[in-house]
Amino acid sequence: MSDDFRLGGDLVINRIGFGAMRLPTNSFRGPARDPDTGRAVLRRAVELGVNHIDTAAFYTSGDGTVRANDLIREALHPYPADLVIATKVGPARTPDGGLAETTDPADLRSLVEENLETLGLDRLHLVYLRIGGIEGPPHDESAAERFEALAALRKEGLIRHLGLSNVNADHLAQAREIAPVAAVQNHFHAAKRDDARLMAICEEAGIAYVPFFPLGGGVSDLTGDRMAKVAARHGATVPQIALAWLLASSPVTLAIPGTGSLAHLEENIAAGSIALTREDLSELA
C-alpha cells in the first residue's frame, strides 16, 4: 500500500490525515475545549507529516466561542505549501447551537464564502456537499441542484475539487454527470462495513474514500476478540489496528481520525506504520 494518495489527480497527500471536528469540543453541543491545546495539536500534526486536514465551518463548540476553522488559521497560517484543507457545506448552525441542513442551492455560496474567510484562503482545496443527517444517506433526496451550485463556484475558481458526503451510489453517479468528484466521505469503520460497495466504486474510479468516524465516533465499540488479538500481535492499540485495517481495505481510503489530545494524535499517526499481514486481514475479515 502506498503511503500517499493523489487527490483529484493533482494533490499528493498522506493517507493518514487529521479530522478537526473534536478540536473545539468533544461533541456538537459540548463545552468548549482549550483553544491553546487545539492549536498545539494542529501544529504537532503537521510536524508528524499530516498534510490533509478535514474541517467545516459548523465545527464549533456548543456556545460557538471556539471554531475549528479559526484554530486552523491561527495555528498554521500562512499554510505549508503542501497542506490540503478539506471542508464541507450543507449543515449550518442554528441559533440554539443545533444543525440544520441547507437545501436551497443559492445558500451554498455564503457557506463557501464563510469557509474561505474563516480559513484565510482564496480558494478551497476540497469542498464536500454533505446531505442528510447522521442516520445515513437519504435515498430519496436528490443532490443534483446543490452539486450544480458548487460546480458553478468551482468554475469561478473558489473551489479546486468537489466531494460528496453521506451519499449512496446513485448520488455519486448523479454528481459525476455534473462535475468530477474527487472524494466521498461516508460513515464507515471496522465495525460498520455496509458501505463496502460504494468504496469499491470509488476505488475503480480513483476517487478518494474518506470515512468519517473511522474509530467509531464514540458510538460504535470497535473492541473485539479478533481486533484485540491482532493488536497484541503488533504491540499496538485496538484503535491503531482499526486505522491500519481501514488503510488496508482499499488503496483509495484515507483516514482522518480526530482528537483534541496530543497523546491520541501521536497514537493515531503511528498507525500508519503498521503493516497488517494476510493473517491479520483474514482474522479481521
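The structure under discussion appears in the preceding block.
Attention in this report is confined to the structure presented alongside it. Keep in mind it's a predicted model, so treat the numbers as computed, not measured.

## Things to note about the sheet that holds strand S5 (residues 84-89)
- With parallel pairing, the seven strands of this open sheet are ordered in space as S3-S4-S5-S8-S9-S10-S11. Each having just a single partner strand, strand S3 (18-19) and strand S11 (208-209) make up the two edges of the open sheet.
- Of the strand pairs in this sheet, strand S4 (residues 52-54) and S5 are connected by three bridges, and their pairing is parallel. Residue pairing in the sheet places isoleucine 53 in a bridge with isoleucine 85 of S5.

## Structural notes on the pairing of strand S9 (residues 159-165)
- In terms of burial, S9 is a largely internal element, six of the seven residues being buried.
- As judged from the six bridges shared by strand S8 (residues 124-130) and S9, these two strands associate in the parallel manner. By the bridge assignment for S9, tyrosine 128 is matched with glycine 163.
- Each parallel crossover has a hand, and the one from S8 via helix H4 (residues 144-156) to S9 is right-handed.
- Pairing analysis gives three bridges linking S9 to strand S10 (residues 183-185), with the strands arranged parallel. When the sheet's bridge partners are listed, glycine 163 is paired in S10 with alanine 183.
- Crossover connection from S9 via helix H5 (residues 169-176) to parallel S10: handedness right-handed.

## Details of the pairing of S5
- Among the six residues that make up S5, six are buried, leaving the element largely enclosed by the rest of the structure.
- Residues Val84, Ala86 and Lys88 point to one face of S5 and Ile85, Thr87 and Val89 to the other, with burial holding for every one of them.
- Sheet topology note: the S5/S8 ladder contains four bridges and is parallel. When the sheet's bridge partners are listed, lysine 88 is paired in S8 with tyrosine 128.

## Here we look at the pattern of salt bridges
- Tallied over the full model, the rule gives 18 salt bridges.
- A salt bridge links glutamate 74 to arginine 73, with the nearest nitrogen and oxygen atoms 3.9 Å apart.
- Relative accessible area serves as the criterion here: at 39%, glutamate 74 is assigned to the partly exposed category.
- In this structure arginine 73 comes out as partly exposed when scored by relative accessible area, which is 26%.
- Ionic contacts of the salt-bridge type, sharing partners, join the residues Asp36, Arg39, Arg67, Asp70, Arg73 and Glu74 into one network.

## Focus on the nonpolar core
- The biggest cluster of nonpolar side chains holds 91 residues, and the ones touching the most others in it are Leu7 and Leu150.
- The element best represented in this core is helix H8 (residues 238-249), accounting for eight residues.
- Each residue touching leucine 150, except ones within four places of it in the same chain, is listed here: Val89, Leu108, Val112, Val127, Leu129, Ile159 and Leu162.

## Considering the packing of aromatic side chains
- Across all of its chains, the model carries four aromatic pairs by this definition.
- Between phenylalanine 58 and tyrosine 59, the aromatic rings sit 5.2 Å apart at their centres with planes inclined by 80 degrees, giving edge-to-face as the arrangement. Neither residue differs from the other here; phenylalanine 58 and tyrosine 59 are each classed as buried.
- Measuring from ring centre to ring centre gives 5.6 Å for phenylalanine 188 and tyrosine 209, while their planes differ by 85 degrees; the resulting arrangement is edge-to-face. Highlighted residues: phenylalanine 188 in the loop between S10 and helix H6 (196-205) and tyrosine 209 in strand S11, separated in sequence by 21 residues. Of the two residues examined, phenylalanine 188 and tyrosine 209, each falls in the buried class.
- Here the aromatic cluster, defined as three or more aromatic residues joined through ring pairs, consists of Phe188, Tyr209 and Trp245.

Each value, and the rule that gives it
Residues numbered from 1 in each chain as written. Predicted model: local features only at pLDDT ≥ 70, side-chain atom pairs only at ≥ 80, totals over all residues. Heavy atoms only, no water. Pairing = 2+ DSSP bridges. Helix = DSSP H or I, 4+ residues; strand = E, 2+ residues; numbered from the N terminus. Buried < 20%, exposed > 50% of the residue type's maximum accessible area, 1.4 Å probe, protein only. Right-handed = clockwise from strand over helix to strand, strands pointing away. Salt bridge = Lys/Arg side-chain N within 4 Å of Asp/Glu carboxyl O. Core = buried A, V, L, I, M, F, W, Y, C linked by side-chain atoms within 4.5 Å. Contact = heavy atoms within 4.5 Å. Phe/Tyr/Trp six-rings, centres within 6.5 Å; stacked < 30°, edge-to-face > 60°.

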